[in-house]
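A look at the structure
Listed below are the residues making up each chain.
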Amino acid sequence: MAQRIGYAAGAFDLFHVGHLNILRHAKEQCDVLIAGVVSDEMLRAVKGIDPVIPTLERAEIVRHVRFVDRVHVETVPDKIDVWREVGFTHFFKGDDWRGTEKGDRLEREFAEVGVEVVYFPYTVHTSSTALRRALDSLSGSERGEFATVAGHR
C-alpha cells in the first residue's frame, strides 16, 4: 500500500484549538503529516493581513505539535506549486472551503495530479480572525488596563 502523505496548510497565527483539531484529524488520515505554515509575505499578499506571530516562530510552534512530522514554510501562493515542492498525496482543509468557488477549483486542480482533498469540520467558536478582532478592540486605555492586569506595565 502506498504511503499517504498529508498536507495541512494555514497561517497558524494565534495558535488555537481549531488549528490543533485540523492537525489531529489530518494525522489520523495519513502516514506522514506535513504542516504548511504560510509565510508573513504570503499572508500579506494573499489575505492582506499582518500576522501577530512571525513566520519562524509560528513554524517552531507547529513543529512541536506531536501530530506534525514536518513543517514546510509556504512562500508561493499557488497550492499546485506547493505540491510540486512537497509531494503530498492528500490535502486537508477546513470544511468552510467545501462547496465554495475556491474549494471547487482546488479540488479540480488537485484531482488532475492525483491529490485527494479531505475536509474536516471547521471550529466555528474559535478562529484567528475572532482572536485578532478581540486583540484589535483592546485600544488605548483598554490595552493599558490589560497590560497592568497581566503584570506587564
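The structure reproduced in this document is the subject of the present report. (Residues numbered from 1 in each chain as written. Predicted model: local features only at pLDDT ≥ 70, side-chain atom pairs only at ≥ 80, totals over all residues. Heavy atoms only, no water.)

Okay, the pattern of salt bridges next. Per the stated rule, a full pass over the model turns up seven salt bridges. A salt bridge links Arg84 to Asp81; the nearest nitrogen and oxygen atoms lie 2.8 Å apart. Here Asp81 and Arg84 lie together in helix α4 (residues 79-86), a separation of three residues that amounts to about one turn. With relative accessibility at 30%, the residue Asp81 sits in the partly exposed group. (Salt bridge = Lys/Arg side-chain N within 4 Å of Asp/Glu carboxyl O. Helix = DSSP H or I, 4+ residues; strand = E, 2+ residues; numbered from the N terminus. Buried < 20%, exposed > 50% of the residue type's maximum accessible area, 1.4 Å probe, protein only.)

Within this structure, the stated rule accounts for seven aromatic pairs. Their ring planes at 10 degrees and their centres at 4.7 Å tell us that Tyr7 and Phe88 sit as a pair that is stacked. With Tyr7 in strand β1 (residues 5-10) and Phe88 in the loop between α4 and β4 (90-94), this pair connects stretches of sequence that are 81 residues apart. For Phe88, a relative accessible area of 2% corresponds to the buried category. Feature note: the residues Tyr7, Phe88, Phe91 and Phe110 constitute an aromatic cluster, connected by ring pairs. (Phe/Tyr/Trp six-rings, centres within 6.5 Å; stacked < 30°, edge-to-face > 60°.)

Let us now look at the nonpolar core. If you look at the biggest cluster of nonpolar residues, it comprises 18 residues, and the most contacted ones within it are Ala8, Leu23, Leu33, Val62, Val68 and Phe92. Those elements that place two or more of their residues in this core are α1 (17-28), β2 (32-38), α3 (55-63) and β5 (116-120). Not counting chain neighbours up to four residues away, the residues in contact with Leu23 comprise Ala8, Phe12, Phe15, Leu33, Ala35, Val62, Val65, Phe67 and Val68. With 14 residues, the next largest nonpolar core counts Ile34, Val82, Phe88 and Phe110 among its residues. (Core = buried A, V, L, I, M, F, W, Y, C linked by side-chain atoms within 4.5 Å. Contact = heavy atoms within 4.5 Å.)

Our focus in this paragraph is the pairing of β1. Taken across its six residues, β1 has six buried, putting it largely inside the fold. Taking every second residue as pointing to the same face, both faces of β1 are buried, with Ile5, Tyr7 and Ala9 on one and Gly6, Ala8 and Gly10 on the other. Of the strand pairs in this sheet, β1 and β2 are connected by six bridges, and their pairing is parallel. From the neighbouring strand, Ala9 faces β2, where its bridge partner is Gly36. Running through α1, the crossover from β1 to the neighbouring parallel element β2 is right-handed. Strand direction decides the pairing type here: β1 and β4, joined by three bridges, are parallel. When the bridges of β4 are listed, Gly6 appears paired with His90. (Pairing = 2+ DSSP bridges. Right-handed = clockwise from strand over helix to strand, strands pointing away.)

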